Amino acid sequence: MSEVLSFAMSNQNILFFTAIVLFLLIAVLEGLLTLIGFGFSSFLDSLAPDFDLDTELDITESKLPALTEFFGWVNKGRVPVLMLFILFLMFFGIYGLLLQALTGMIFSQYLVAIPAFFLTLVTIRVSSVYIAKVIPKDESSAISEESFIGYSATIVIGQAKLGRPAEAKFVDVNAHTQYIMVEPVEDVVFKQGDEVLIVKKEGAIFKVTAPVESHFKDSL
């Protein structure tokens, strides 16, 4: 046991050892806060999506949907943000130490961190699907994605075009903010800040159109 700790705490492994220590600290903290009735994971989830982008930032529209799709790819099972972070720390630390052990620490930890990072992303994508099935859910407030049809949403990231979805958000009947990928049903463009009406669901994409009042104004 002492040899394992000495190996993990060596200067060549400090990056991976720190990740595992942070994983343990956050996991213990979440457990303690849950016992006293405060879910830090739920609290973080309620905060994380509400960071609005500064419209004056010089960011091209092509980068933003790609970033959204990346996080959607990683979090295939839609698990809480905090759990994703905990999983990342755990797998990154484990993979880093395993690779260092297999290679005899002949490479720099920063070089080993590259394959460890990509292995971690793939593992999180696969494991999030199964974790989402077993983590407790509030059944009383859960709603199906099919029930999103009929809601008005606001484009928050990118521009929605045919064949190129953008991210939109709306508040559901339980006062929860929902984030979805939307694409227009017609050959139109919806920009950031535009209001759209969700009319149907096709796979992971929701088809949208301009709100009824928008059509009415255009006809006047």
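The rules behind each value
Residues numbered from 1 in each chain as written. Predicted model: local features only at pLDDT ≥ 70, side-chain atom pairs only at ≥ 80, totals over all residues. Heavy atoms only, no water. Pairing = 2+ DSSP bridges. Helix = DSSP H or I, 4+ residues; strand = E, 2+ residues; numbered from the N terminus. Core = buried A, V, L, I, M, F, W, Y, C linked by side-chain atoms within 4.5 Å. Buried < 20%, exposed > 50% of the residue type's maximum accessible area, 1.4 Å probe, protein only. Contact = heavy atoms within 4.5 Å. Phe/Tyr/Trp six-rings, centres within 6.5 Å; stacked < 30°, edge-to-face > 60°. Lys NZ or Arg CZ within 6 Å of the ring centre and 35° of its normal. Expected span 1.5 Å × (residues − 1).

This part is about the pairing of strand E4 (residues 195-202). A regular strand places its side chains on the two faces of the sheet in alternate fashion. Pairing of strand E1 (residues 152-157) with E4, which is carried by three bridges, proceeds in the antiparallel orientation. What sits directly across from Ser152, in E4, is Leu197. As defined by bridge partners, E4 adjoins strand E5 (residues 205-209) across five bridges and the pair is classed as antiparallel. By the bridge assignment, Leu197 is partnered in E5 with Thr209. Counting the residues that bridge the hairpin from E4 to E5 gives two residues, and of these Gly203 lies at a positive phi of roughly 65 degrees.

Formed by 15 residues in total, the largest nonpolar core has its most connected members in Ile155, Ile180, Val182, Phe190 and Ile198. When residues of this core are traced back to their parent elements, those giving at least two are E1, strand E2 (166-171), strand E3 (177-184), E4 and E5. Not counting chain neighbours up to four residues away, the residues in contact with Ile180 comprise Phe148, Ala166, Glu167, Ala168, Phe170, Ile198 and Phe206. Core analysis: the next-biggest nonpolar cluster, separate from the first, contains 13 residues, Ala8, Phe23, Leu89 and Ala113 among them.

Scanning all chains against the criterion turns up eight aromatic pairs. Seen in terms of ring centroids, Phe16 and Phe92 are 5.4 Å apart; in terms of plane orientation they differ by 55 degrees. Their pairing is tilted. A residue pair is termed long-range when its members are at least 10 positions apart, and Phe16 in helix H2 (residues 14-35) and Phe92 in helix H5 (residues 81-103) qualify at 76 residues. Residue classification places Phe16 among the buried positions, given a relative accessible area of 0%. Ring pairing ties together the aromatic residues Phe16, Phe88, Phe92, Phe117 and Phe118, which thus form one cluster. Above the face of the Phe206 ring, Lys201 is positioned so that its terminal group lies 5.7 Å from the ring centre.

Another aspect to go through is H5. The end-to-end C-alpha distance of H5, which contains 23 residues, comes to 33 Å, matching closely the 33 Å that a straight helix rising 1.5 Å per residue would cover. Those residues of H5 that fall on the buried side of the exposure criterion are Leu82, Leu84, Ile86, Leu87, Leu89, Phe91, Phe92, Gly93, Gly96, Leu97 and Gln100. Looking one or two residues beyond H5, the residue adopting positive phi is Gly104, at roughly 70 degrees.

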